[in-house]
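Secondary and tertiary structure notes
Residues per chain are reported as follows:
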Amino acid sequence: MATPLTADRLVAALRAEGCAVREVSGWRTNNRNHVGAWGPVHGVMIHHTVTGPGTDVVSLIFNGHSALPGPLSTGCITKDGVVHLTGNGRANHAGGGDPDVLAAVVNESYSSYPPPTNEHQGSTGAIDGNSRFYGWECENEGDGTDPWPRVQYVAMVKATAGICRAHGWSAKSAIGHLEWSDWKPDPRGFDMQDFRRDLAACLSLAAGVWGAAQGDEDTMPAYINLGLAEPYTLAPGVWDSIELTAEWTDETGDHATDGSVFARGPARFTGSISLRIDGLPEGCVVQARMSEFEGSEHRADHPIDEVLATGGDTFAVIPLTKRLASGRSMRVRLLNQADVPITVTSAVLTALVWKEA
């Protein structure tokens, strides 16, 4: 039992574990606290999203849908291992569940599994889980065959460990939705006993150590550091790739001279791009996103980050973390939503890239 973490403490706890964290715009005030209590909290609940390719899963978890308003969890952990924070407070993820399960979690008194659940949303003996559990919605079709990439699974363990460590909880404070409600099957594709075993191993080490210690970082990453040699003008209303005209380091050799591609698949990468923008009117927005290409053909877009102008020059740091399939290349594109041209004064991209077979 504990007072819920503040937004800042949650972010700090996740980053201390080594999680790649993306703060979705507006997440700090996105909650269902107006309809019921948030806290005291007792544990972390794991879910799958039941979504397939082509779904903007992060927006779905942030906003909800016609039958269930968002947020649908504290965060969404996508297949690339990024923890997208979507809610700060009560979220519509757990619903009704079994008080015997809650007691076992509070007391951390069970063996391999909590007692069997006999309750669900609307059943006579059910109690509300939305006020009592943080929730991770984890991107997966939920059919038992959709794979859980190792980078995603490690992120799920680390994100859960961050919350448990911050509250002083053991691995027995983490349960699956199927252990809370007898109506629910999630998460499918792994066993919660195994998940708790990995979580316990993570918690037995210092924050941020688990993962690398288990051999997940099995090759040395290559380092890339690219940027702009000169400022350039960004016209309004058009998605435009950042042409990286300065190449300070590119151990992978994937960046063509004056080109916009910074990584080529098969690979996974993590890093950031730091932007400085001049001339963006105060209160206006520049959007940034990663975009996948095959050759010169645009194939896919990833979630948008928004840069809101302040007085004077505008600064932003955009996270870059993803897994890239064979034949695909990655660029960063910007959209100027102001009515006037602006100047991208500086763009500095720094990342680690792991090449895959």
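**Remarks on the overall build of the chain**
- When its secondary structure is counted, the chain shows five helices and 22 strands.
- The C-alpha radius of gyration computed for the chain amounts to 21 Å, which stays within 12% of the reference 21 Å derived for 357 residues, consistent with globular compactness.
- Principal-axis analysis of the C-alpha atoms gives the chain an extent of 65 × 45 × 35 Å.
- For the chain, the residues scored as buried account for 53% of the 357 residues in total.
- For the chain, the share of sequence-separated contacts (at least 6 apart) that also reach a separation of at least 24 residues comes to 76%.
- Of the roughly 14,900 Å² of accessible surface on the chain, a fraction of 50% belongs to carbon and sulfur atoms.

**With respect to helix α5 (residues 192–203)**
- Taking 1.5 Å as the rise per residue, α5 with 12 residues should run 16 Å; its terminal C-alpha atoms sit 16 Å apart, in good agreement.
- Of the residues making up α5, those classed as buried are M192, F195, R196, L199, C202 and L203. The arc enclosing the buried residues of α5, seen along the axis, measures out at 115°, which places them on a common side.
- Those residues of α5 that are buried lie in contact with β2 (43–48), α4 (150–167) and β10 (174–176).

**Thoughts on the nonpolar core**
- In this structure, L14, I46, L85, W136, F195 and L199 are the most contacted members of the largest nonpolar core, which totals 46 residues.
- Among the elements of the structure, α1 (7–16), β2, α2 (57–63), β5 (75–77), β6 (82–85), β9 (133–138), α4 and α5 are those that each provide at least two residues to this core.
- Considering each element in turn, this core owes the most residues, nine residues, to α4.
- Beyond its immediate stretch of four places on either side in the chain, I46 contacts W136, C138, M156, T160, I175, G176, H177, D186, P187, F190, M192 and F195.
- Counting 34 residues, the second largest nonpolar core, distinct from the first, contains F262, L280, A351 and V353.

**Some thoughts on the packing of α4 against α5**
- Where α4 contacts α5, the two axes come as close as 9 Å, and the packing angle between them is 60°. The angle between α4 and α5 places the two elements in the oblique class. Classified by chirality, the crossing of α5 by α4 is right-handed. Facing Y153, M156, V157, T160, A161, C164 and R165 of α4, the residues of α5 in contact are D194, F195, D198, L199, C202 and L203.
- For the contact of α4 with α5, a count of residues per class yields nine nonpolar, one polar and three charged.

**Some points on the layout of surface pockets**
- There is about 1,400 Å³ of room inside the largest pocket.
- Put simply, the parts of the chain that give the lining of the largest pocket at least two residues each are β1 (20–23), α2, β17 (285–294), β18 (297–301), β19 (305–308) and β20 (314–324).
- Sort the elements by how many residues they give to the lining of the largest pocket and β20 lands first, with seven residues.
- Class assignment for the residues of the lining of the largest pocket results in 19 nonpolar, 12 polar and 17 charged.

**Quick look at empty space enclosed by the protein**
- Scanning the entire structure with this criterion turns up two cavities of 30 Å³ or more.
- By volume, the largest cavity amounts to about 160 Å³.
- As for the largest cavity, its lining consists of 16 residues, and the residues nearest its centre are R22, M290, P303, D305 and P319.
- Looking at the lining of the largest cavity, the elements with two or more residues in it are β6, β17 and β20.

**What about the packing of aromatic side chains?**
- Under the defined criterion, the tally for this structure stands at eight aromatic pairs.
- With centroids separated by 5.9 Å and ring planes inclined at 90°, the aromatic side chains of Y153 and F195 adopt a geometry described as edge-to-face. Highlighted residues: Y153 in helix α4 and F195 in helix α5, separated in sequence by 42 residues.
- A relative accessible area of 0% means that F195 is categorised as buried.
- Aromatic rings pair up to connect W148, Y153, F190 and F195 into one cluster.
- Over the ring of W239 we find R289; its NZ or CZ atom is 5.2 Å from the centre of that ring.
- A cation over a ring is seen here: R331 above F293, with NZ or CZ 3.9 Å from the ring centre.

**Thoughts on the environment of N336**
- Counting through the fold element by element, N336 comes out in strand β21 (residues 329–336).
- Judged by relative accessible area, N336 falls into the buried class, the value being 1%.
- Note: C-alpha distance between N336 and V285 (51 residues apart in sequence) is 6.8 Å.
- Beyond its immediate sequence surroundings of up to four residues, N336 is in contact with L234, A235, P236, G237, L280, V285, V286, P341 and I342.
- Of the polar contacts made by the side chain of N336, one reaches the backbone oxygen of V340; its length is 2.9 Å.

**Comments concerning the pattern of salt bridges**
- Applying the stated criterion across every chain, the model contains 16 salt bridges.
- Taking the shortest distance from any N to any O, the salt bridge between R165 and E17 comes out at 2.5 Å. Here R165, found in helix α4, pairs with E17, found in the loop between α1 and β1; they are 148 residues apart in sequence, far enough to count as distant.
- Taking the shortest distance from any N to any O, the salt bridge between D194 and R197 comes out at 2.7 Å. Of the two residues, D194 and R197 both sit in helix α5, three residues apart, roughly one turn of that helix.
- Look at D194 and you get partly exposed, because its relative accessible area is 35%.
- Judged by relative accessible area, R197 falls into the partly exposed class, the value being 48%.
- Shared partners join several salt bridges into a network, and the residues in it are D8, R15, E23 and R28.

How each quantity is defined
- Residue positions within a chain follow its written sequence, with the count starting from 1.
- Only residues with pLDDT of 70 or above have their local features reported here, since the model is predicted, and side-chain atom pairs are shown and tallied only from 80 upward, although totals for entire chains, interfaces and linings are computed over all residues.
- Each side-chain value is worked out from all heavy atoms of the structure, with water and hydrogens disregarded.
- A run of H or I in DSSP counts as a helix once it spans at least four residues, and a run of E counts as a strand once it spans at least two, with each numbered from the N terminus.
- Based on C-alpha atoms, the radius of gyration is set beside the globule rule, defined as 2.2 Å times the residue count to the power 0.38.
- A simple rule labels every residue: compare its accessible area, found with a 1.4 Å probe on the protein chains alone, to the largest value its type can have, and call it buried under 20%, exposed over 50%, or partly exposed in between.
- Every residue pair with non-hydrogen atoms within 4.5 Å of one another is taken to be in contact.
- Accessibility throughout is a Shrake-Rupley quantity obtained with a 1.4 Å probe, and a residue counts as covered only by protein chains that appear here.
- Multiplying one less than the number of residues by 1.5 Å gives the expected span of a helix.
- Directions drawn from the helix axis to the C-beta atoms are what define this arc.
- In plain words, nonpolar cores are sets of buried Ala, Val, Leu, Ile, Met, Phe, Trp, Tyr and Cys residues tied together by side-chain atoms within 4.5 Å.
- Simply put, an axis is a line fit to the C-alpha atoms, just over the touching stretch for a helix, and the angle between two N-to-C directions goes from 0 to 180 degrees.
- To sort the angles, those under 35 degrees are grouped as roughly parallel, those over 145 as roughly antiparallel, those from 65 to 115 as roughly perpendicular, and the leftovers as oblique.
- Should the near helix be turned anticlockwise from the far one by less than a right angle, the crossing is termed left-handed; should it be turned clockwise, right-handed.
- Gly is placed with the polar residues, together with every amino acid not listed as nonpolar (Ala, Val, Leu, Ile, Met, Phe, Trp, Tyr, Cys and Pro) or charged (Asp, Glu, Lys and Arg).
- A cavity, in this analysis, means grid points on a 1 Å lattice covering only the protein atoms where a 1.4 Å probe fits yet has no way out; a pocket is instead an open set bounded by protein on both sides within 12 Å along at least five of seven lines, and a residue lines either one if it has an atom within 4 Å of a point.
- Grid points are joined across faces, edges and corners, and a volume is the space filled by probe spheres set on the points.
- The aromatic pairing rule takes the rings of Phe, Tyr and Trp, using the six-membered ring of Trp, and pairs them if the centres are within 6.5 Å, calling planes under 30 degrees apart stacked, those over 60 edge-to-face and the rest tilted.
- Lysine NZ or arginine CZ positioned within 6 Å of the ring centre and within 35 degrees of the ring normal marks a charge as sitting over the ring.
- For this analysis, a polar contact is any N or O atom pair within 3.5 Å, provided that within protein one partner can donate a hydrogen and the other can accept it, and provided that sequence-adjacent residues contribute only side-chain to side-chain pairs.
- The term salt bridge refers to a pairing of a side-chain nitrogen on Lys or Arg with a carboxyl oxygen on Asp or Glu at a separation within 4 Å.

Just geometry here; none of it tells us what the structure is for.
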